[in-house]
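If you want the building blocks of each chain, they are given just below.
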Amino acid sequence: MEQGEILVTAAMASGFIAIHLLVRRLRFLDVTPRSGWLSFAGGVAVAYVFLHVLPDIAAHQREFAVSMGVDAMAAESVIYSLTLAGLAAFYGLERAVKVSRGQSRDAGEGDRMRDDVLYLHLVTYGLFNALIGYLLLHREEGGAWSLGLYFIAMGLHFLTADFGMRQDHPEAYDRLGRWVISAAVVAGWVLGLTVDLSPVLIGCLFAFLAGGIILNVLKEELPEERQSFFMPFVLGVVLYAGLILAERHWA
């Protein structure tokens, strides 16, 4: 691995950490109705998943089939089942958080998560962030364009997801959450320096990551109380789709 790539990805990992630690200081996002910038960021993340991650995985379907020892149809089913599993896993986590907060309110303990759900939440998002840190060095598709698109999309996704988490449980996020998920990014990046996973496993991890991103974006954009904006979301989708298609054309 070249020294230049290590330095660039280290700077990008630092950028992710800065978002986690400083999102509470971005006062312009904390407005009612919801800031259009958050909807824009969600649109970018969704465009990245559907026009970059999933097509890249599909392009390597034959390689996956050979490595798994199955036919192409079975390999495709496995990959997209992992995307569905990522979506379902994060839905289950968010559901557990809502139930836990409801039980705390009913018990007169305030609007807070039980400790076991809090720790599950931190572990899950920690692993998610570690994966994103690892994939800075081991994406499905290499090259400077691909790395830049990945950094922008994941950075904006973190912005949306972190702001939503802090709105839902600010005390837990400020006290512990932001430090855990920041450390997880560093751990994933360091792991990327020392461990080379197989291309097939990286593709599977990317597929699971895609499902988690889709659920997190929809969770932030769809609830009525979020008062999100459709046009900034569409603008994020269209602009980022244009960048991705330009990369495909000139690559």
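Every chain is numbered independently, its residues counted from 1 as its sequence is written. Local features in this predicted model are restricted to residues whose pLDDT is 70 or higher, and side-chain atom pairs enter the listing and the counts only when it is 80 or higher, whereas totals over whole chains, interfaces and linings include all residues. Excluding hydrogens and water, the side-chain values take into account all heavy atoms of the structure.

S.K.: Whenever I open this one, the packing of helix 5 (residues 115-135) against helix 7 (residues 170-194) confuses me. Can you help?
M.R.: Angle between the axes and distance between the axes are the two parameters that describe a pair of packed helices. At a minimum axis distance of 7 Å, the contact between helix 5 and helix 7 shows a crossing angle of 35 degrees. Between helix 5 and helix 7 lies a crossing of right-handed hand. In this structure, helix 5 contributes Leu 118, Tyr 119, Leu 122, Tyr 125, Gly 126, Asn 129, Ala 130, Gly 133 and Tyr 134 to the contact, and helix 7 contributes Ala 172, Arg 175, Leu 176, Gly 177, Val 180, Ile 181, Ala 184, Val 185, Gly 188, Trp 189, Leu 191 and Gly 192. The classification used treats Ala, Val, Leu, Ile, Met, Phe, Trp, Tyr, Cys and Pro as nonpolar, Asp, Glu, Lys and Arg as charged, and all other residues, Gly among them, as polar. Split by residue class, the contact of helix 5 with helix 7 holds 14 nonpolar, 6 polar and 1 charged. Every axis in this analysis is a line fitted to C-alpha atoms, fitted for helices over the stretch in contact. Angles between the N-to-C directions lie between 0 and 180 degrees. Each helix corresponds to a stretch of at least 4 residues labelled H or I by DSSP, and each strand to a stretch of at least 2 residues labelled E; elements are numbered beginning at the N terminus. Note on convention: near helix rotated counterclockwise from far helix by under a right angle means a left-handed crossing. Clockwise means right-handed. The contact criterion used throughout is that any non-hydrogen atoms of two residues lie within 4.5 Å.

S.K.: In this structure, what is going on with the pattern of salt bridges? I would like to understand it.
M.R.: Pairing of side chains with opposite charge becomes possible as their charged atoms draw close. What makes a salt bridge here is a side-chain nitrogen of Lys or Arg within 4 Å of a carboxyl oxygen of Asp or Glu, nothing more. As enumerated under the stated definition, the model contains 2 salt bridges in all. Here Glu 171 ties to Arg 175 by a salt bridge, and the two come within 2.7 Å at their closest N and O atoms. Residue Glu 171 and its partner Arg 175 are located together in helix 7, separated by 4 residues, close to a single helical turn. Categorising residues by exposure relies on relative accessible area from a 1.4 Å probe, with only protein chains included: less than 20% of the type maximum marks a residue as buried, more than 50% marks it as exposed, and the intermediate range marks it as partly exposed. By relative accessible area, Arg 175 is classed as partly exposed at 48%.

S.K.: Sorry, what's going on with the packing of aromatic side chains here?
M.R.: Here a ring pair, both rings aromatic, is described through the centre-centre distance and the interplanar angle of the planes. Note on aromatic pairs: the rings of Phe, Tyr and Trp (six-membered ring only in Trp) are paired at centre separations within 6.5 Å, and the planes decide the class, stacked below 30 degrees, edge-to-face beyond 60, tilted for the rest. For the structure on display, the rule yields 7 aromatic pairs. A centroid spacing of 6.2 Å and a plane angle of 70 degrees characterise the contact between Tyr 125 and Phe 128, whose relative ring orientation is edge-to-face. Of this pair, Tyr 125 and Phe 128 both sit in helix 5, 3 residues apart, roughly one helical turn.

S.K.: Would you mind showing me how to read a nonpolar patch on the surface here?
M.R.: Put simply, a patch holds well-exposed residues, over 30% relative accessible area, that have no salt bridge, with like charges counted together within 9 Å and Val, Leu, Ile, Met, Phe, Trp or Tyr side chains within 5 Å. Each accessible area value is a Shrake-Rupley result obtained with a 1.4 Å probe; residue values ignore everything except the protein chains displayed when judging cover. On the surface, Phe 50, Leu 51 and Leu 245 cluster together to form a nonpolar patch covering roughly 280 Å² of accessible area. With respect to the element layout, Phe 50 can be found in helix 2 (residues 36-59).

S.K.: I keep staring at helix 4 (residues 72-106) and nothing clicks. Help me out?
M.R.: One turn of an α-helix holds 3.6 residues; hence residues three or four places apart share an orientation. Expected helix span is taken as 1.5 Å per residue step, with the number of steps being one fewer than the number of residues. Over its 35 residues, helix 4 runs 51 Å from end to end, which matches the ideal 51 Å to within 8%, given 1.5 Å per residue. Restricting attention to buried positions, one finds in helix 4 the residues Ala 75, Ile 79, Thr 83, Gly 86, Phe 90, Leu 93, Glu 94, Val 97, Ser 100, Arg 101, Gly 102 and Ser 104. Polar contact criterion, stated in full: a pair of N or O atoms within 3.5 Å, where within protein one must be able to donate a hydrogen and the other to accept it, and residues adjacent in sequence count only if both atoms are side-chain atoms. The distance from a side-chain oxygen at the start of helix 4 to the backbone nitrogen of Met 73 is 3.3 Å, and the residue carrying that oxygen is Asp 71. Within two residues after helix 4, Gly 108 carries a phi angle of roughly 75 degrees, on the positive side.

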